[in-house]
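# Notes for the structure review
Below are the chains, spelled out letter by letter.
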Amino acid sequence: MLKKIIISSEFEIYNSINELNASDKKLLKQAIKAAERAYAPYSNFYVGAAVLLANGTIVTGNNQENAAYPSGLCAERVAIFHAASQFPKTKIIAIAISAKSMHKTLKSALSPCGACRQAMSEYESKFNSPIKLIMGGSKKEIYVSRSVANLLPLAFTNKSL
Ligand code: THU
């Protein structure tokens, strides 16, 4: 072994949505609302995402499932692809996500899947600017990450090509 490295991730944890700053609170509220419109008849796991753009626009999305399971898409990618397709030149500032399961009360904040981390990371690289992530969903804690890179160490990006 040449050497060992430790890559650490840092999160801010809040007890309730009311502890967030006004902008994050508004964004998470939009994600919670978007989750209610999810199409999730197979998992009954309703996810919402709200993307804040540099021009102040908020674009929301939710998970869209399909009878052919892999054809569905997560809320984060529905929202971020929609935002990027409508406003290709506008920087993405933050994304809030939230989930609600019909089966149980969620014990922890929603953590985006690997594919969504990769998709979100692309826009961080594209605009060379961190995207703040506000992760809600549980009755208790809300996790805030200052960037997607913080959730995806050693990411494969445009700089890797
Ligand atoms: N899902 C999301 O939309 N976002 C996540 O971060 C995790 C999972 C969706 C995919 C699927 O429709 C359902 O939740 C169960 O995995």
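### Side note on the overall build of the protein chain
Scanning the protein chain from terminus to terminus reveals 3 helices and 6 strands. Secondary structure elements of the protein chain occur, N-terminal to C-terminal, as β-α-β-β-α-β-α-β-β. Its C-alpha radius of gyration of 16 Å places the protein chain within 12% of the 15 Å reference for a compact globule of 161 residues. Projected onto its principal axes, the C-alpha coordinates of the protein chain cover approximately 50 × 35 × 35 Å. Considering only contacts within the protein chain whose residues lie at least 6 apart along the sequence, 65% involve residues at least 24 apart.

### Quick look at the side chain of serine 121
Examined against the element boundaries, serine 121 turns out to sit in helix H3 (residues 114-127). Those residues within four positions of serine 121 in sequence are excluded, and the remaining contacts are Val148, Leu152, Ala155 and Thr157.

### Some words on unusual backbone geometry
A positive phi is found at asparagine 44, a non-glycine position, where the angle reads about 55°. Residue position: asparagine 44 is located in the loop between helix H1 (22-36) and strand S2 (45-53). Taking the relative accessible area as the measure of exposure, asparagine 44 reaches 23% and is therefore partly exposed. With a phi close to 55°, leucine 154 is a non-glycine residue in the positive phi region.

### What to know about the pairing of strand S5 (residues 132-135)
Pairing analysis gives 4 bridges linking strand S4 (residues 92-101) to S5, with the strands arranged parallel. By the bridge assignment for S5, isoleucine 95 is matched with leucine 133. Following the backbone out of S4, through H3 and into the adjacent parallel S5, one traces a crossover that is right-handed. Examined bridge by bridge, S5 and strand S6 (residues 142-145) share 3 bridges and lie antiparallel to one another. Paired with methionine 135 across the two strands is tyrosine 143, which belongs to S6.

### Some points on the environment of isoleucine 80
Mapped onto the elements, isoleucine 80 comes out in helix H2 (residues 75-86). Accessibility expressed as a relative area gives 0% for isoleucine 80, which makes it buried. For the pair formed by isoleucine 80 and lysine 4, sequence separation is 76 residues and the distance between their alpha carbons is 35 Å. Setting aside anything within four residues of it in sequence, one finds isoleucine 80 in contact with Val51, Ile92, Ile95, Met120 and Tyr123.

### Section: the packing of aromatic side chains
According to the stated counting rule, one finds 2 aromatic pairs in the structure shown. On the basis of an interplanar angle of 55° and a centroid distance of 5.9 Å, the ring pair of phenylalanine 11 and tyrosine 143 is categorised as tilted. Linking phenylalanine 11 in the segment before strand S1 (12-14) with tyrosine 143 in strand S6, this pair joins segments that are 132 residues apart in sequence. Ring centres of tyrosine 42 and tyrosine 69 lie 5.6 Å apart, and the angle between their planes is 40°; this geometry places the pair in the tilted category. Of the two residues, tyrosine 42 sits in the loop between H1 and S2 while tyrosine 69 sits in the loop between strand S3 (58-62) and H2, which places them 27 residues apart along the sequence.

What counts as what
Residues numbered from 1 in each chain as written. Predicted model: local features only at pLDDT ≥ 70, side-chain atom pairs only at ≥ 80, totals over all residues. Heavy atoms only, no water. Helix = DSSP H or I, 4+ residues; strand = E, 2+ residues; numbered from the N terminus. Rg over C-alpha atoms; globule rule 2.2 N^0.38 Å. Contact = heavy atoms within 4.5 Å. Buried < 20%, exposed > 50% of the residue type's maximum accessible area, 1.4 Å probe, protein only. Pairing = 2+ DSSP bridges. Right-handed = clockwise from strand over helix to strand, strands pointing away. Phe/Tyr/Trp six-rings, centres within 6.5 Å; stacked < 30°, edge-to-face > 60°.

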